[in-house]
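# Residue-level structure breakdown
This is what each chain is made of:
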Amino acid sequence: MATSNVLELAAGPAKDKLIDAPMPAFLTKIILDKFKELHIFDDSAHGAPNHCLVNEYQPGQGIMPHEDGPAYFPITATISLAAHTVLNIYKKNEQGEREAAPIWRILQEPRSLLLTTGSMYKDTLHGISDLEQDTDLQSGSIANWQLLGDKSSFENGTADRQTRVSLTYRDVLKVAKIGSALKFMSKK
Ligand SMILES: O=C(O)CCC(=O)C(=O)O
Ligand SMILES: [Fe+2]
């Protein structure tokens, strides 16, 4: 599958561990205040996100269905910039395997915020198809159709993908202070 370009700032030495480092101002200004105002991360381990993934998707690029997993406090805040996409949500069957067809499609508008939490975080997978155009955009097929800010861009039922940048904010549960992280690395 054609996938996005990813910028990961302050990734940790172990996969599920974050090296404690401040996020750059362009990822925190305005946005983190807004999250506070909306009480999004009030109950999370650090009371605020400590990690942000920046993904850039060209038309035709997507991301394989996956779960965000237990390394994070179970809330994901995704800001979409520049263009829309359609996020496919998949349920797991009794064996814990992903069902073939998505159960919901979520239309993420440019400048929108999507929060994934609760059973949506724990019991479903999400992915973005590697399409150049989204089709069947209408109330019967898009779960959040009634919540859209500007339906006019999607009213003919199709929308060409354009370059989209997403900011995915999460609270990584395990954080290594930089001092102990350096000790850890020098032991190798
Ligand atoms: O770009 C998106 O909106 C999805 C990204 C995502 O699922 C992730 O980073 O875990
Ligand atoms: Fe994800």
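A short tour of the structure in this document, coming up. (Residues numbered from 1 in each chain as written. Chains lettered and ligands numbered in written order. Predicted model: local features only at pLDDT ≥ 70, side-chain atom pairs only at ≥ 80, totals over all residues. Heavy atoms only, no water.)

### Considering the site of ligand 1
- Around ligand 1, a shell composed of 13 residues is seen, among which Tyr57, His126, Arg164, Ser166 and Arg170 lie nearest.
- Taking histidine 66, its side chain carries an N or O atom lying 3.1 Å from an oxygen atom of ligand 1.
- Interatomic distance of 3.1 Å between a side-chain N/O atom of histidine 126 and an oxygen atom of ligand 1.
- Burial of ligand 1 by the protein chains amounts to 94% of its free accessible area of 290 Å².
- When contributions to the shell around ligand 1 are tallied by element, the ones reaching two or more residues are β3 (51-57), β4 (63-66), β9 (124-128) and β12 (164-170).
- Ranked by the residues each element gives to the shell around ligand 1, the list is headed by β12, at 4 residues.
- For the shell around ligand 1, the residue count by class is 4 nonpolar, 6 polar and 3 charged. (Near = heavy atom within 4 Å. Polar contact = N/O pair within 3.5 Å; in protein donor to acceptor, adjacent residues only side chain to side chain. Areas by Shrake-Rupley, 256 points an atom, 1.4 Å probe, with all protein chains shown as cover. Helix = DSSP H or I, 4+ residues; strand = E, 2+ residues; numbered from the N terminus. Nonpolar A, V, L, I, M, F, W, Y, C, P; charged D, E, K, R; others polar.)

### Considering the pairing of β9
- Burial within β9 is extensive, with 5 of its 5 residues counted as buried.
- A two-sided burial pattern is seen for β9, the buried positions comprising Thr124, His126 and Ile128 on one face and Leu125 and Gly127 on the other.
- By the bridge criterion, 2 bridges tie β4 to β9 in an arrangement that is antiparallel. Among the inter-strand pairings, isoleucine 63 is bridged to a residue of β9, identified as isoleucine 128.
- Two strands pair when backbone bridges link them, and strand β6 (residues 85-91) and β9 are joined in this way by 4 bridges, in the antiparallel orientation. In the sheet register, isoleucine 89 faces β9, and the bridge partner there is histidine 126. (Buried < 20%, exposed > 50% of the residue type's maximum accessible area, 1.4 Å probe, protein only. Pairing = 2+ DSSP bridges.)

### Focus on the coordination of the iron ion (ligand 2)
- Taken together, the protein ligands of the iron ion (ligand 2) are His66 (NE2), Asp68 (OD) and His126 (NE2), with distances of 2.1 to 2.2 Å.
- Coordination of the iron ion (ligand 2) draws on donor residues from a single chain, spaced H-x1-D-x57-H in sequence.
- For histidine 66, a relative accessible area of 24% translates into the label partly exposed. (Donors = N, O, S within 2.8 Å, 3.2 Å for Na, K, Ca; no water.)

### Some details on the sheet that holds strand β7 (residues 104-108)
- Here 4 strands make up an open sheet; going across it, the order is β4-β9-β6-β7 and the pairing antiparallel. The sheet is open, and its two edges are formed by β4 and β7, each paired on a single side. Averaged over all adjacent pairs, the angle separating strand axes in this sheet is 20 degrees, with direction ignored.
- Pairing between β6 and β7: 5 bridges, direction antiparallel. Its bridge partner being in β7, asparagine 88 is matched across the sheet by arginine 105. (Axes fitted to C-alpha atoms, helices over the stretch in contact; angles between N-to-C directions.)

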